[in-house]
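Each chain, written out:
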Amino acid sequence: MSVIDEIERELAEATERLLATAARLTDEDLRAPSLLPGWTRGHVLTHVARNADSYVNLLAWARTGIRTPQYASAQAREAGIEAGAGRPAGEQLADLRDSAERFATAVRGMPAEAWTASVSGMNPPEHPAWYVPIRRLREVEVHHADLGAGYGWADWPETYVRRELYDTMLWLGDESPVGEVVALDPATGEVLRTWTGLGDGPAVEGTPRELLAWLAGRTDGAGLRLASPQARLRQAGRVPSPPPWPKPSPAGLPAEPPSSWPPAGS
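Thresholds, definitions, all that
Residues numbered from 1 in each chain as written. Predicted model: local features only at pLDDT ≥ 70, side-chain atom pairs only at ≥ 80, totals over all residues. Heavy atoms only, no water. Helix = DSSP H or I, 4+ residues; strand = E, 2+ residues; numbered from the N terminus. Rg over C-alpha atoms; globule rule 2.2 N^0.38 Å. Contact = heavy atoms within 4.5 Å. Polar contact = N/O pair within 3.5 Å; in protein donor to acceptor, adjacent residues only side chain to side chain. Phe/Tyr/Trp six-rings, centres within 6.5 Å; stacked < 30°, edge-to-face > 60°. Buried < 20%, exposed > 50% of the residue type's maximum accessible area, 1.4 Å probe, protein only. Lys NZ or Arg CZ within 6 Å of the ring centre and 35° of its normal. Core = buried A, V, L, I, M, F, W, Y, C linked by side-chain atoms within 4.5 Å. 1 Å grid on protein atoms, 1.4 Å probe; cavity = no way out; pocket = protein on both sides within 12 Å on 5 of 7 lines; lining within 4 Å. Points joined across faces, edges and corners; volume = space filled by probe spheres on them. Nonpolar A, V, L, I, M, F, W, Y, C, P; charged D, E, K, R; others polar. Lys, Arg positive; Asp, Glu negative; His and termini not counted. Salt bridge = Lys/Arg side-chain N within 4 Å of Asp/Glu carboxyl O.

(A) Structural context of the overall build of the chain. What the chain contains, in helices and strands, is 8 helices and 7 strands. Taking 2.2 N^0.38 as the reference for a compact globule, 266 residues should give roughly 18 Å; the C-alpha atoms of the chain span a radius of gyration of 19 Å, in line with that estimate. Along the first, second and third principal axes, the C-alpha atoms of the chain reach 55 × 45 × 35 Å. Expressed as a percentage of contacts within the chain between residues at least 6 apart in sequence, the contacts between residues at least 24 apart total 65%.

Below you can see the structure in the form of structure tokens.
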């Protein structure tokens, strides 16, 4: 088994959860604001559908060797979302389902050797094609929560939280607004992992889920605590805003699809 099999299963489950939520939304629900400033729920669902098609483009690039942009341009991406945002609920649901199936079909049709090809989205860095399904899973999970329709970051699966926090900390580095990030066991409060050598500032500690929700810009740091990296003394103060999230992928990913991601023992 490779990471592709693992993500394919997780993505199918995440997609079904999203489709179940979307099936409950009415035309009026879709015109209501989402949790993303300036976007209705209709904007969010349209974005998720067009995102699936954009990743089909990246897989076609990897499979054929012909450079196929994720989107024709940033303007085309925005125009496509705006054009589809006001559609009726039934049309939105069908589009969401059909686009997800197109992506799943593209994944199933990839030759083994094509997963090692380098592709690039709208922003750097380039990454091997095996990381595309992980990017798609991120889009489905995060934007499902952004609908504000009964599924939130507190509902993200533990496997997703673990992987996303690992990847986020790989690229965060000196862009961090804090000097240290400490992940705590939600049941015992014991330290699970500490990331040091980041930017200037205090340490921030919390459960992996709380840390990821903050780093993803989905909370203002609720539940997190500041501490002195040296003395581990709790400090009063507001948790700072994180840098923009996410980058398309961490740098330096292995070309060959690993057996799992994060690597065993990470």
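(B) Region of interest: the environment of Glu175. Its place among the elements puts Glu175 in the loop between α7 (158-172) and β3 (180-184). When the C-alpha atoms of Glu175 and Val204 are compared, they prove to be 15 Å apart, with 29 residues separating the residues in sequence. Residues in contact with Glu175, not counting those within four places in the same chain, are Pro243 and Lys247. One polar contact links Glu175 to Lys247, side chain to side chain, over a distance of 2.7 Å.

(C) Examining the packing of aromatic side chains more closely. By the definition in use, this model includes 5 aromatic pairs. With 5.8 Å between their ring centres and 75° between their planes, Trp130 and Tyr131 make a pair best called edge-to-face. Across this residue pair, the class does not change: Trp130 and Tyr131 are buried. Through successive ring pairs, a cluster of aromatic residues spans Trp130, Tyr131, Tyr166 and Trp261. Its guanidinium or amino end placed over the ring of Tyr71, Arg77 lies 5.9 Å from that ring's centre, counting from NZ or CZ.

(D) Structural view of the nonpolar core. With 68 residues, the main nonpolar core has Trp130 and Val204 as its most contacted residues. Where this core is concerned, the elements lending two or more residues are α1 (3-23), α3 (41-64), α5 (89-108), α6 (132-146), α7, β3 and α8 (208-215). Per-element tally for this core: the top contributor is α3, with 10 residues.

(E) Region of interest: the layout of surface pockets. Estimated volume of the largest pocket: approximately 710 Å³. In terms of lining, the largest pocket is formed by 28 residues, of which the most central are Arg77, Glu139, His143, Trp245 and Pro246. Looking at the lining of the largest pocket, the elements that each hand over two or more residues are α3 and α6. In terms of residue count, the dominant contributor to the lining of the largest pocket is α6 (7 residues). Along the lines of polarity and charge, the residues of the lining of the largest pocket split into 14 nonpolar, 7 polar and 7 charged.

(F) Representation of the side chain of Asp167. Take Asp167: it is sitting in helix α7. Buried charge without a partner: Asp167 forms no salt bridge, and the closest opposite charge is Arg138, 4.4 Å away. Polar contacts involving the side chain of Asp167 include one to the side chain of Tyr131, which spans 2.4 Å. Asp167 has contacts with Tyr131, Ile134, Arg138, Pro250 and Trp261, leaving out every residue within four places of it along the chain.

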